[in-house]
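# Summary of structural features
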Amino acid sequence: FLITLSIIKADTGGFVGHSAVHPDMMAAARHAMDRAVRSELLIDGHVASCGDDVSLIMTHRYGADSQLIHSFAWDTFQTTTGVARELGLYGAGQDLLSDAFSGNLRGMGPGYAELEFDERPSEPVVCFLADKTEPGAWNYPLYKMFADPFNTAGLVIDAKMHAGFVFEVYDLFEEKWICFDCPAELYDMLMYIGAPARYVVHSVRSKTLGETAAATSTQRLSLIAGKYVGKDDPVMIVRAQSGLPALGEVLEPFAFPFTVGGSMRGSHHAPFMPVSVGHAHPARFDGPPRVVALGFQIHDGRLVGPRDLFADPSFDEARHQANLAMDYLRRHGPFEPHRLPLEDLEYTTMPQIQARIANRWTPLPSPPVPATAGRPASAGAAKS
Ligand code: F6R
Ligand code: MG
Ligand code: MG
């Protein structure tokens with residue numbers, strides 16, 4: 001039957017700094033979630049965290065962008081903010097940008113990924129939660145899962161996958177979207193999604209099954225708020241198996257700790273480290289950015305799970321490589337490519353510096369007139 005899986009998340013306060021969520025906040029969110037399940041607003045719910053973000057993982061029958069579900073999440077985040085204030089936690093209420101809830105969460109701070117689908121006889125899904133990075137962080141793994149046969153064997157040898165997948169891509173700067181039909185339009189698509197600060201994969205659909213297989217959160221808080229309010233740490237839902245990538249094909253892209261924008265002050269490239277729930281607390285240089293993968297079997301809308309999928313020791317080498325890459329990048333200090341390019345910084349002192357020293361920038365003298373000046377143009381261009 002038709003159900004909706006929603007992950008709605010917000011940073012409502014950090015313990016300590018921006019590194020984790022306090023256990024009392026988690027308890028308050030779990031209490032609210034239990035009540036919502038008992039009152040039958042939700043079919044089921046699970047509260048999780050990654051870094052300083054609380055994620056509400058919920059199944060229900062109200063579709064995406066439901067006022068009922070979004071307002072439940074908003075109220076729950078108000079409650080966890082209350083706990084954070086009581087304990088003097090850091091950045092209490094950080095992602096709640098508005099004073100009052102007005103219909104749905106769009107532009108209000110919390111991030112969300114939602115997927116409505118007809119539950120299959122067996123429905124394996126993975127909920128990915130990340131901290132200290134941005135929604136474009138999902139571009140690389142989604143490309144690998146749904147378009148790269150070196151990652152996903154099924155693209156070659158599964159008849160239900162061979163026709164490929166359609167990627168829906170958002171332009172976060174100009175608020176436009178487009179669909180790329182892959183593999184035919186792979187190279188066109190890579191031109192865009194290889195720039196993940198601006199172009200973000202929003203969803204992926206199977207051409208053969210006509211089913212949406214993946215959905216991401218695509219808000220960019222820094223732009224929504226018009227000023228820095230914290231990195232918009234993203235979440236993603238991926239359905240697996242039976243004509244979609246197998247569980248292991250969904251996880252495989254994270255065996256390489258590719259770099260993402262985020263980490264310290266949301267302004268550095270750093271490796272994306274796949275970790276168990278117990279290790280999802282970025283500390284070193286407010287990083288490296290973390291990703292956890294919670295696996296569920298959904299049955300009659302119930303969330304059977306989670307399994308902590310990156311607890312698998314086969315991701316140890318990715319973690320080791322992430323630490324080496326972090327050492328390498330850290331030694332660049334304030335130099336690119338560790339520091340993000342000027343236009344992608346979340347923090348910047350540039351306007352103040354410019355204002356203070358603008359009048360000391362002196363035009364370079366015009367270049368001396370070259371000795372060849374005045375000769376006919378053809379004289380210097382004789383060789384062919
Ligand atoms: C990155 C992040 C942290 C903070 C940093 C400074 O997404 O949240 O790296 O940017 O800890 O925080 P403030 O300015 O709150 O002291
Ligand atoms: Mg925070
Ligand atoms: Mg965060």
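Residues numbered from 1 in each chain as written. Chains lettered and ligands numbered in written order. Predicted model: local features only at pLDDT ≥ 70, side-chain atom pairs only at ≥ 80, totals over all residues. Heavy atoms only, no water.

### A word on the coordination of the magnesium ion (ligand 2)
Note on metal geometry: ideal angles are 109.5 degrees for four donors arranged tetrahedrally and 90 or 180 degrees for six donors arranged octahedrally. For clarity, the cut-off: Coordinating donors are taken to be N, O and S atoms lying within 2.8 Å of the metal, or within 3.2 Å when the metal is Na, K or Ca; because water is excluded from the atom set, some sites may appear incomplete. The numbering of helices and of strands both runs from the N terminus, where a helix is a DSSP run of H or I of at least 4 residues and a strand a run of E of at least 2.
At the metal site, the magnesium ion (ligand 2) is ligated by Asp11 (OD), His18 (ND1), Asp52 (OD) and Gln94 (OE1), and these contacts range over 1.9 to 2.8 Å. Taken as a pair, the magnesium ion (ligand 2) and the magnesium ion (ligand 3) show a spacing of 4.8 Å, with Asp52 coordinating each metal. Within this pair, whereas Asp11 is found in the loop between strand E1 (2-10) and helix H1 (23-38), its partner Gln94 is found in the loop between helix H2 (67-86) and strand E4 (111-118), the two being separated by 83 residues in sequence.

### Description of the site of ligand 1
Inclusion rule: Summary of the distance rule: residues count as near a molecule or strand when at least one heavy atom falls within 4 Å of that molecule or strand. By the criterion applied in these results, polar contacts are pairs of N or O atoms within 3.5 Å in which, for protein atoms, one can donate a hydrogen and the other can accept it, and in which residues neighboring in sequence qualify only through two side-chain atoms. Polarity classes work like this: nonpolar for Ala, Val, Leu, Ile, Met, Phe, Trp, Tyr, Cys and Pro, charged for Asp, Glu, Lys and Arg, and polar for all others, with Gly in that last group.
As a matter of local geometry, ligand 1 sits amid 11 residues, with His18, Tyr90, Arg265, Asp286 and Tyr347 nearest to it. At 3.1 Å from an oxygen atom of ligand 1 is found a side-chain nitrogen or oxygen belonging to His18. Between Tyr90 and ligand 1, the recorded distance is 2.9 Å, taken from a side-chain N or O atom to an oxygen atom. Classifying every residue of the shell around ligand 1 gives 4 nonpolar, 3 polar and 4 charged.

### Brief notes about the domain arrangement of the chain
Quick note on the threshold: Where each domain starts and ends follows an automatic or database-derived domain assignment. Here, two residues are considered to be in contact whenever any of their heavy atoms come within 4.5 Å of each other. A simple way to read buried area is as the amount of 1.4 Å-probe accessible surface that goes missing from two parts once joined, with both sides added.
Under the domain assignment used here, the chain contains domain 1 (1-118) and domain 2 (128-349). One C-alpha centre belongs to domain 1, the other to domain 2; they are set 21 Å apart. Between domain 1 and domain 2, the contact holds 34 residues from the first and 36 residues from the second. Between domain 1 and domain 2, a total of about 2,800 Å² is buried, with carbon and sulfur atoms accounting for 68% of that surface.

### Thoughts on the pattern of salt bridges
Worth spelling out the cut-off: Any carboxyl oxygen of Asp or Glu that lies within 4 Å of a side-chain nitrogen of Lys or Arg is treated as forming a salt bridge with it. Any residue under 20% of the maximum accessible area for its type is buried, any over 50% is exposed, and the rest in between are partly exposed; the area is computed with a 1.4 Å probe on protein chains only.
What the rule picks out here adds up to 14 salt bridges. The closest approach of N and O atoms between Lys9 and Asp53, which form a salt bridge, is 3.1 Å. Highlighted residues: Lys9 in strand E1 and Asp53 in strand E3 (residues 53-60), separated in sequence by 44 residues. The exposure class assigned to Asp53 is buried, which follows from its relative accessible area of 2%. Salt-bridge contacts for Glu211 lead to Arg239; the nearest nitrogen and oxygen are separated by 2.8 Å. With Glu211 in the loop between strand E8 (199-206) and strand E9 (212-216) and Arg239 in strand E10 (residues 235-239), the pair connects residues that are 28 residues apart, well separated along the chain. Members of the salt-bridge network, linked through shared partners, are Arg120, Glu123, Glu211 and Arg239.

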